[in-house]
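Here's the letter readout for the chains.
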Amino acid sequence: MAMTGDQLLIGGTTAAICAVGYWRERWLLSQTPKGRWLVRRLGGSKATWLLRVLLAAGLGFGVLLATGVINPIRWSRAAVDARD
């Protein structure tokens, strides 16, 4: 199946946001409510490690989606019509 422009946009945007988050990880952990919660819950080093793993996974997913290695689910029109 052909890769769509939406797939490229969503994958590229996801990868870019995760890359910026990786670059600004210290700010995310100290200035956002979820980051502060994570630091309180896990401690500084574990929170940093977890954030890096999540951002790396998002970056990898975004790149793979944008390059067409992985594809979104595409329902056939017949399956959609049958549900209605």
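To be clear, the structure that these remarks concern was listed above.
I will try to describe carefully the structure that is included in this document.

Cut-offs used in this document
- Residues numbered from 1 in each chain as written.
- Predicted model: local features only at pLDDT ≥ 70, side-chain atom pairs only at ≥ 80, totals over all residues.
- Heavy atoms only, no water.
- Axes fitted to C-alpha atoms, helices over the stretch in contact; angles between N-to-C directions.
- Helix = DSSP H or I, 4+ residues; strand = E, 2+ residues; numbered from the N terminus.
- Parallel < 35°, antiparallel > 145°, perpendicular 65-115°, else oblique.
- Left-handed = near helix turned anticlockwise from the far one by under 90°.
- Contact = heavy atoms within 4.5 Å.
- Nonpolar A, V, L, I, M, F, W, Y, C, P; charged D, E, K, R; others polar.

Examining the packing of helix 3 (residues 33–42) against helix 4 (residues 44–67)
For step 1, the next point in the chain: Interhelical geometry of helix 3 versus helix 4 gives an angle of 125° and a closest axis separation of 7 Å. When the interaxial angle is binned, helix 3 and helix 4 end up oblique. The handedness of the crossing between helix 3 and helix 4 comes out as right-handed. Facing L38, V39 and L42 of helix 3, the residues of helix 4 in contact are G44, K46, A47 and L50.

With respect to the packing of helix 1 (residues 5–23) against helix 4
For step 1, the next point in the chain: With their axes 7 Å apart at the nearest point, helix 1 and helix 4 run at an angle of 155° to one another. Relative to helix 4, the element helix 1 lies roughly antiparallel. Between helix 1 and helix 4 the crossing geometry is left-handed. In this structure, helix 1 contributes Q7, L8, I10, G11, G12, T14, A15, C18, A19, G21 and Y22 to the contact, and helix 4 contributes R52, L55, G58, L59, F61, G62, V63, L65 and A66.
For step 2, the next point in the chain: Here the residues of the contact of helix 1 with helix 4 are counted per class, giving 12 nonpolar, seven polar and one charged.

So far we have only geometry, and geometry alone does not tell us how the molecule works.
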